[in-house]
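# Chain and residue survey
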Amino acid sequence: MKLLLVLVSTLVVANALPHSSPSNEEIESQWQQFLIEFRSNELQSFEDLSARRQVFEANYRLIVKHNYEADNGLHSYRMGVNQFADVSDEEYRQRLGGFVLPNITSTSSGRVDSNAPILDAVDWKAKGKVTGVKDQARCGGCWAFSTTAGIESQIAINQNKLVTISEENLIDCSRPKPGEQGNKGCQGGNMYYAYQYIIANGGIDSESSYPYSSAVDTTQHQCVYKASAKQATIEGFEFIQPPTASEQHLTQSVATVGPISCSYDATNNFRLYKSGVFSDASCSSTAVNHAVTVVGYGTENGKDYYLVKNSWGTVWGDQGYFKLARNAGNMCGIAYFYSWPTGSKLA
């Protein structure tokens, strides 16, 4: 009987190891595939490549272990190899920490009906009111992408047309100059100053007329806004933070107004997200470093979530989106913004 127990135990361990602990051969194969998919156009020194190989191995082992645990019911989301798989925790924070919470108080226009019933689910993306996922690349300009995403959806809701507007216009022109707004391009900013710029400037250019170039060149550019290429104007915006801000108010805002630009704590685990409902006990509602756009909410496998549009391209997450745990007791950032375009039916 003792021999049988030993054999059974050995079989259990042997069957578990391939799932929770990848072999060196598997890691090397995944590393080579990663280089082809994500780093084929980059020149790196041997020392840098070797260091990144070590980071990749640690991250890949984390991915495999996490997914094994997820398959056994310990997590509600899965991880996957993406453009951050060879990026250290420190580099990740430095590269993408682009959101800076403004030191201002909440504003209110009364547009959100706090007494309105909360629908079971809302999906503005499925309604065709959300533009495609964009990629901020190595520029800390998430604030600009969140700003444009919200305005683009408002135009789609109010004017029934999908247009794309220019993040580069905001990155280049919404700057901390005398009498102008306090954003810092690829070094960070927020939607509050971006909205102020658009109102003061009398509009924002289309993406086609003012294309994104900070993806390949993060140096400060000259502002080259062209009024003749103006794509959108806005009449006003709201900034909501605690105590007004809450999950219930955010949910009502998404249902009543449309997609909402939100602050977010992009934790280290978040960078490797692939699918499912993301929940991280280390998430903070105050130490936020990223800006995203909530485009809906619903329930999956009994877990409530917000459907969120990111700006890291479609290779990240679930085609550029993620599901953030709702009603989980630890919201990853709670201050949020929304605007309304000129001529809005809600104005």
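Report follows, based on the coordinates. Note that the coordinates shown come from a computational prediction; the quantities given were computed from them, not determined experimentally. Throughout, a residue's number is its position along its own chain's written sequence, starting from 1. Thresholds applied to this predicted model are a pLDDT of at least 70 for local features of residues and 80 or more for the giving and counting of side-chain atom pairs; totals over whole chains, interfaces and linings are not thresholded and use all residues. As a rule here, side-chain values come from all non-hydrogen atoms in the structure, and water together with hydrogens is ignored.

### Observations regarding unusual backbone geometry
The step from P242 to P243 runs through a cis peptide bond, and the omega angle for that step is 10 degrees. Structurally, P243 is set in the loop between strand 5 (234-240) and helix 8 (247-256). The way it works is that DSSP assigns letters per residue, a run of H or I at least four long becomes a helix, a run of E at least two long becomes a strand, and they are numbered from the N terminus.

### Points about the environment of N268
Note on placement: N268 falls in the loop between strand 6 (260-264) and strand 7 (273-278). Buried, partly exposed and exposed residues are distinguished by accessible area as a fraction of the type maximum, computed with a 1.4 Å probe on protein chains only: under 20%, between the cut-offs, and over 50%, respectively. Using a relative accessible area of 24% as the deciding quantity, one classes N268 as partly exposed. In protein, a polar contact means a hydrogen-donor-capable atom and an acceptor-capable atom, both N or O and within 3.5 Å, with residues adjacent in sequence counting only if both atoms are side-chain atoms; elsewhere, any N or O pair within 3.5 Å suffices. Among the polar contacts listed, one links the side chain of N268 to the side chain of R93, at a separation of 3.5 Å.

### So, the packing of helix 5 (residues 142-159) against helix 7 (residues 191-201)
The angle between two axes is taken between their N-to-C directions and runs from 0 to 180 degrees, where each axis is a line fitted to C-alpha atoms and a helix contributes only its stretch in contact. Interaxial distance between helix 5 and helix 7 falls to 9 Å at its minimum, and their mutual angle equals 60 degrees. Put simply, helix 5 runs oblique to helix 7. For the pair helix 5 and helix 7, the sense of crossing is right-handed. Residue-level inspection shows W143, S146, T147 and I151 of helix 5 in contact with helix 7, the latter providing M191, A194, Y195 and I198. Angle categories are assigned with fixed cut-offs, so that under 35 degrees is roughly parallel, over 145 is roughly antiparallel, 65 to 115 is roughly perpendicular, and the rest are oblique. Note: crossing handedness is left-handed where the near helix turns anticlockwise from the far helix by less than a right angle, and right-handed where it turns clockwise. Working rule for contacts: check all heavy atoms of both residues, and any pair within 4.5 Å makes them a contact.

### A few points about the state of the cysteines
Disulfide: a pair of cysteine sulfur atoms within 2.5 Å of each other. Using the criterion set out here, one finds three disulfides in the structure. With a sulfur-sulfur separation of 2.0 Å, C173 is cross-linked through a disulfide to C223. Of note, the bridge from C173 to C223 carries an S-S torsion of about 95 degrees and is right-handed in sense. In this pair, C173 is assigned in helix 6 (residues 167-173) and C223 in the loop between strand 3 (204-205) and strand 4 (230-232), connecting sequence segments 50 residues apart. A sulfur-sulfur distance of 2.0 Å marks the disulfide that ties C283 to C332. Judged by the sign of its S-S torsion, about 80 degrees, the cystine formed by C283 and C332 is right-handed. One end of the pair, C283, is in the loop between strand 7 and strand 8 (290-300); the other, C332, is in the loop between strand 10 (321-325) and strand 11 (336-341), with 49 residues separating them in the sequence. We classify C283 as buried; its relative accessible area is 10%. What makes C332 buried here is its relative accessible area of 2%. Here C142 stays free of any disulfide, with the sulfur of C139 as its closest cysteine sulfur at 8.8 Å.

### Considerations on the nonpolar core
Counting residues in each nonpolar core, the largest one holds 48 residues, and the members touching the most others are Y264, F270, F322 and L324. Excluding anything up to four places from it in sequence, F322 contacts Y264, F270, Y273, V292, Y306, L307, V308 and W316. Side-chain atoms within 4.5 Å are what join buried Ala, Val, Leu, Ile, Met, Phe, Trp, Tyr and Cys residues into a set we call a nonpolar core.

### Re helix 5
For an α-helix, the turn length of 3.6 residues means that residues three or four places apart are oriented alike. A helix is expected to reach a length of 1.5 Å times the quantity of its residues less one. The terminal C-alpha atoms of helix 5, which comprises 18 residues, lie 25 Å apart, in line with the 26 Å expected from a rise of 1.5 Å per residue. Of all 18 residues making up helix 5, 17 are buried, and the element is well covered by its neighbours. Phi turns positive one or two residues past the end of helix 5, at N160, with a value near 60 degrees.

### A look at the pairing of strand 6
In terms of burial, strand 6 is a largely internal element, five of the five residues being buried. Going residue by residue along strand 6, you find I260, C262 and Y264 tucked away on one face and S261 and S263 tucked away on the opposite face as well. One ladder, built from five bridges, connects strand 6 with strand 8; its direction is antiparallel. Each residue of the ladder has a partner; that of S263, found in strand 8, is A291. The pairing of strand 6 with strand 11 spans two bridges and is classified as antiparallel. Among the inter-strand pairings, S261 is bridged to a residue of strand 11, identified as F337. Two strands make a pair as long as DSSP finds a minimum of two bridges between them.

### As for the packing of aromatic side chains
Two measures describe an aromatic ring pair: the distance that separates the ring centres and the angle between the ring planes. Any two rings among Phe, Tyr and Trp, with Trp reduced to its six-membered ring, count as a pair given centres within 6.5 Å; such a pair is stacked if its planes are under 30 degrees apart, edge-to-face if over 60, and tilted if neither. Per the counting criterion, the structure on display carries 29 aromatic pairs. Look at W312 and W316: their rings are 5.2 Å apart centre to centre, the planes differ by 85 degrees, and that puts the pair in the edge-to-face class. The class for W316 is buried, based on a relative accessible area of 0%. In this structure an aromatic cluster arises from ring pairing among Y77, F84, Y92, Y264, F270, Y273, F278, W312, W316 and F322. Definition used: whenever NZ (Lys) or CZ (Arg) falls within 6 Å of the ring centre and also within 35 degrees of the ring normal, the charge is taken to sit over that ring. When the ring centre of Y305 is taken as reference, the NZ or CZ atom of K323 above it lies at 4.9 Å.

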